[in-house]
Amino acid sequence: MALLKKLKKIIEDADYEFYYDTGNGLNDLLDNADFEEDKSIIYCYLLGNTKLTDGMESGNVALFFCRKTDFDFDTIENEKIIEGCLKDVRKIEIIIKRGNVLRIESDILLERFYDNFSVNLTGVAMNVNLSETYGLSECIDGTIYELPEPEPEPEPEPEPEP
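Residues numbered from 1 in each chain as written. Predicted model: local features only at pLDDT ≥ 70, side-chain atom pairs only at ≥ 80, totals over all residues. Heavy atoms only, no water.

Of the regular secondary structure elements, the protein holds three helices and eight strands. The N-to-C order of helical and strand elements in the protein reads α-β-α-β-β-α-β-β-β-β-β. Out of the 162 residues belonging to the protein, those deemed buried represent 36%. Pairs at least 24 apart in sequence give 63% of the contacts found in the protein among residues at least 6 apart. Accessible surface, the protein as shown: approximately 10,600 Å² in total, 50% of it carbon and sulfur. (Helix = DSSP H or I, 4+ residues; strand = E, 2+ residues; numbered from the N terminus. Buried < 20%, exposed > 50% of the residue type's maximum accessible area, 1.4 Å probe, protein only. Contact = heavy atoms within 4.5 Å. Areas by Shrake-Rupley, 256 points an atom, 1.4 Å probe, with all protein chains shown as cover.)

Laid out in structure tokens, this is it:
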């Protein structure tokens, strides 16, 4: 699950909410998600098995960028929502490509979706094959070494009031 852990960190560092669970679990999580921001909520499915090559995990992932919509939505409203989701897809694509944690190994396939859960959602699914740029390394003695998580940055000091 190192691949998904790294993907989760990238998405959350970009100030998006990230959800990963079964279909029923996602239904519960999305019922309680905060859709008030003007950006997508992102949930993830792992499409099939992952592959481990030389300690680096890769796999086909579907990321669903979604926003809340009315029950009786109209096409124009949904296209505006989808346009916002497409911008969010592009933002995550750029972050991944500029970073050194994951690599995009395929074309990005997109699919529009509507109303898949108990909460009314509209969005864009991004289907992409990702692989780690670093993973589990073998030490000289044959043990496995994983790079430690980076230490969190300290919170900035509050500005003094004038």
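The terminal C-alpha atoms of helix α3 (residues 75-98) lie 34 Å apart, and with 24 residues this matches the ideal 34 Å at 1.5 Å per residue to within 8%. For α3, every residue scored as buried is listed here: Asn78, Ile81, Ile82, Gly84, Cys85, Asp88, Val89, Ile92, Glu93 and Ile96. Among the structural elements, α1 (2-13), β2 (41-53), β3 (56-68), β4 (102-104), β5 (109-114) and β6 (121-132) are those in contact with the buried residues of α3. (Expected span 1.5 Å × (residues − 1).)

On to a nonpolar patch on the surface, then. Together, Leu52, Leu136 and Ile144 give the surface a local cluster of nonpolar side chains, amounting to about 310 Å² of exposed area. The residue Ile144 is located in strand β8 (residues 144-146) in this model. (Patch = residues over 30% accessible without salt bridge, like charges linked within 9 Å, V, L, I, M, F, W, Y side chains within 5 Å. Salt bridge = Lys/Arg side-chain N within 4 Å of Asp/Glu carboxyl O.)

On to a negative patch on the surface, then. On the surface, a cluster of negative charge is made up of Asp15, Asp34, Glu36 and Glu37. By secondary structure assignment, the location of Asp34 is in the loop between α2 (23-31) and β2. The class of Asp34 is partly exposed, set by a relative accessible area of 41%. (Lys, Arg positive; Asp, Glu negative; His and termini not counted. Charge placed at Lys NZ, Arg CZ, Asp CG, Glu CD.)

A separate point is the pattern of salt bridges. If you walk through the whole model with that rule in mind, you get nine salt bridges. The partner of Arg67 in a salt bridge is Asp88, with the nearest N and O atoms 2.8 Å apart. With a gap of 21 residues between them, Arg67 in strand β3 and Asp88 in helix α3 connect regions that are remote in the sequence. Considered together, Arg67 and Asp88 belong to a single accessibility category, that of buried residues.

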